[in-house]
Amino acid sequence: MGEILDNPRLREKQFVFADRHDAGRQLGALLKTVPGLLDPVVLAIPAGGVPVGLEVARAFSAKLSLAIVRKIRIPGNTESGFGAVTWDGQVVINEELLAALRLSAREVEHAVAETRQNVQERIGRFMADKHVPFLRGKTVILTDDGLASGYTMLAAIQSIRQKNPSRIIGAVPTASLSAAQRVATHADLVVSPNIRSSRMFAVADAYEDWYDLNDDQVLRELGGI
């Protein structure tokens, strides 16, 4: 199990970041305290992970690339998911939640297929002819704007691990304690300034200015790379 690094002054607190860029800068500063973290590859999970990853990449004078991952949405629920699909087709399922949902096999297959299609559409929209960079032997910093359940990041880590990096660091401004612990079982290190252990957790509660990023906003962020 990997370690978890947070900022003790921000534990259990809400509204500690002005916005995603401020969160990324604070996250980057915390990452800079990690010994031996030189020349990392920074991968951001769109949409919310892009402005965060942009600031982390700036902190290390590194290039930013994308790790396209989408949650598998629960039928009839636009916010929650029971797993995730990655850019290379990896699927991670929250089996405990799936059992509780009692979805039919047909419903699960449809949700996964729909998510695969969405991932491919996003690859075409955000990456065009670009590819995930060479990762063998590299330290990979994987960013998102927060961890609620952690399954989206787990799916990305599963795909990245197959590329044989030297180290994978899951880096998010805010995380539920349970999600941070879950991701730490697969990452070499989880870095999150703001960790909260309350049963009711929302990523948005760490931000003063919170809004969902649309595709055009993501593309504008990427234009700043």
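Structural data are supplied above this passage.
Here the structure is a predicted model, which means the values were calculated and not measured. (Residues numbered from 1 in each chain as written. Predicted model: local features only at pLDDT ≥ 70, side-chain atom pairs only at ≥ 80, totals over all residues. Heavy atoms only, no water.)

1. Side note on the environment of tyrosine 211
Convention followed: Helix and strand definitions here come from DSSP, where helices need a minimum of 4 consecutive H or I residues and strands a minimum of 2 consecutive E residues; each element is numbered from the N-terminal end. Every residue pair with non-hydrogen atoms within 4.5 Å of one another is taken to be in contact.
Examined against the element boundaries, tyrosine 211 turns out to sit in the loop between β11 (194-196) and α7 (215-222). Spatially, the C-alpha atoms of tyrosine 211 and isoleucine 169 are 26 Å apart, while their sequence positions differ by 42 residues. When residues no more than four places from it in sequence are discounted, the contact partners of tyrosine 211 are Arg20 and Gln217.

2. Some thoughts on the pattern of salt bridges
Put simply, the test is: A pair is scored as a salt bridge if a Lys or Arg side-chain nitrogen falls within 4 Å of a carboxyl oxygen belonging to Asp or Glu. Buried residues are those whose accessible area, probed at 1.4 Å on protein chains only, stays under 20% of the maximum for their type, while exposed residues exceed 50% and partly exposed ones sit between those limits.
One pass over the full model with this rule turns up 8 salt bridges. Residues aspartate 188 and arginine 161 are paired through a salt bridge, measuring 3.3 Å at the closest nitrogen-oxygen approach. Of this pair, aspartate 188 sits in the loop between α6 (177-184) and β10 (189-191) while arginine 161 is found in helix α5 (residues 151-161), placing the two residues 27 residues apart along the sequence. A residue is classified by how much of its surface remains accessible, and arginine 161, at 31% relative accessible area, is partly exposed. The network of salt bridges with common partners includes Arg25, Glu55 and Arg58.

3. Regarding the packing of aromatic side chains
The condition that has to hold: Two rings from Phe, Tyr or Trp (for Trp, the six-membered ring) form a pair when their centres are within 6.5 Å of each other. A pair whose planes differ by under 30 degrees is stacked, one over 60 is edge-to-face, and the rest are tilted. The criterion is that NZ of a Lys, or CZ of an Arg, lies within 6 Å of the ring centre and within 35 degrees of the ring normal, and then a charge sits over that ring.
On inspection of all chains with the given rule, the structure shows 2 aromatic pairs. Relative to tyrosine 207, the ring of phenylalanine 17 lies with its centre 5.7 Å away and its plane at 50 degrees, an arrangement referred to as tilted. Here the residue phenylalanine 17 occupies a position in the loop between β1 (3-5) and α1 (20-31), and tyrosine 207 occupies one in the loop between β11 and α7, the gap between them amounting to 190 residues. Summarising the burial analysis for this pair, phenylalanine 17 and tyrosine 207 share the class buried. Pairing tyrosine 207 with tryptophan 210 gives two aromatic rings, centres 5.3 Å apart and planes at 45 degrees, and the pair type is tilted. An aromatic cluster of at least three residues, connected via ring pairs, comprises Phe17, Tyr207 and Trp210. Across the ring face of tyrosine 211, the terminal group of arginine 20 is positioned such that the distance to the ring centre comes to 5.6 Å. Here lysine 32 stacks its cationic end above the ring of phenylalanine 60, 4.9 Å away from the centre of that ring.

4. Focus: the pairing of strand β8 (residues 167-171)
Definition in use: Pairing between strands is defined by DSSP: at least two bridges between them are needed. Viewed with both strands pointing away, a crossover whose connecting path from the first strand over the helix to the second turns clockwise is right-handed.
Of all the 5 residues making up β8, 4 are buried; the element is thus mostly covered by neighbouring parts of the structure. In the sheet, strand β7 (residues 139-143) pairs with β8 via 5 bridges, with the strands oriented parallel. Residue pairing for β8: threonine 139 is matched across the bridge by arginine 167. Where the polypeptide runs from β7 across α5 and back to β8, its parallel neighbour, the crossover connection is right-handed.

5. What to know about the packing of α1 against helix α2 (residues 49-59)
Applicable threshold: Angles here are taken between N-to-C directions and fall from 0 to 180 degrees, while the axes themselves are lines fitted to C-alpha atoms, restricted in helices to the stretch in contact. When describing relative orientation, an angle under 35 degrees is termed roughly parallel and one over 145 degrees roughly antiparallel, while 65 to 115 degrees is termed roughly perpendicular and anything else oblique. What makes a crossing left-handed is the near helix being turned counterclockwise from the far one by less than a right angle; a clockwise turn instead makes it right-handed.
The interhelical angle for the contact between α1 and α2, taken along N-to-C directions, is 40 degrees, at an axis separation of 7 Å. Considering the angle they form, α1 stands oblique to α2. Crossing of α1 against α2: the hand is right-handed. Between α1 and α2, the residues in contact are Arg20, His21, Gly24, Arg25, Leu27, Gly28 and Leu31 and Pro51, Val52, Leu54, Glu55, Val56 and Ala59, respectively.

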